[in-house]
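Descriptive analysis of the structure
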Amino acid sequence: MEDDLPTVTVRLWRADAIVLFDWLMSTDLDSVPVTHPAQKQALVDLLSRLEWAAEADVTGSTAEEIAAAQQEVARDMGW
């Protein structure tokens, strides 16, 4: 990501970050339906940013931590 481009700061619940990172790492992004190539690139950029910003806090999550995060995020979804 270019340093001179406008940015947006988004704070994520740690469990959401773990679930998103795990999903992005395990998903074949070529199979994700998109209507524009920029959507796929944005997912790649999100993954890169999670890897860079979250460091071992999210990227080093164990299978048990991922399962717990998925359970936390899914709790009380209502759908």
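So, here's what we can say about the structure.

In terms of helices and strands, the protein carries 3 helices and 0 strands. Helices (α) and strands (β) of the protein occur, in sequence order from the N terminus, as α-α-α. Looking at the protein residue by residue over its 79 residues, the buried ones come to 19%. Restricting to contacts in the protein with at least 6 residues of sequence separation, those with at least 24 account for 68%. A distance of 6 Å separates the average location of the 5 positive side-chain charges in the protein from that of its 15 negative side-chain charges.

For the rest of this paragraph, the subject is helix 3 (residues 63-74). Between its first and last C-alpha, helix 3 extends 16 Å over 12 residues, near the 16 Å set by a 1.5 Å rise per residue. In the segment just after helix 3, aspartate 76 is the residue with positive phi, at about 60 degrees.

Core analysis: the largest hydrophobic core is formed by 12 residues, namely Ala15, Ala17, Ile18, Phe21, Leu24, Leu29, Val32, Leu47, Leu50, Val58, Ile66 and Ala69. Secondary structure elements with two or more residues in this core: helix 1 (14-26), helix 2 (37-59) and helix 3. The dominant element in this core, judged by the number of residues it contributes, is helix 1, at 5 residues. Every residue in contact with isoleucine 66, bar those within four places of it in the chain, is listed here: Ile18, Asp22 and Ser61.

Criteria and thresholds
Sequence order sets the numbering: in each chain, residues are counted from 1 along the sequence as written. In keeping with the predicted nature of the model, local features appear solely for residues at pLDDT of at least 70, side-chain atom pairs appear and are counted solely at 80 or more, and the whole-chain, interface and lining totals rest on all residues. With hydrogens and water stripped out, all remaining heavy atoms of the structure feed into the side-chain values. Only DSSP runs of H or I covering at least 4 residues are called helices, and only runs of E covering at least 2 are called strands; the numbering of each starts at the N terminus. Burial status follows relative accessibility: with a 1.4 Å probe on protein chains alone, a residue under 20% of its type maximum counts as buried, one over 50% as exposed, and anything between as partly exposed. The contact definition used throughout considers only heavy atoms, calling two residues in contact when any of these lie within 4.5 Å. Charge convention: Lys and Arg are scored as positive, Asp and Glu as negative, and His as well as the terminal groups of each chain are ignored. A single reference atom marks each charge: NZ on Lys, CZ on Arg, CG on Asp, CD on Glu. Here the expected span of a helix is defined as 1.5 Å times the quantity of residues minus one. Put simply, buried Ala, Val, Leu, Ile, Met, Phe, Trp, Tyr and Cys residues joined by side-chain atoms within 4.5 Å make one nonpolar core.

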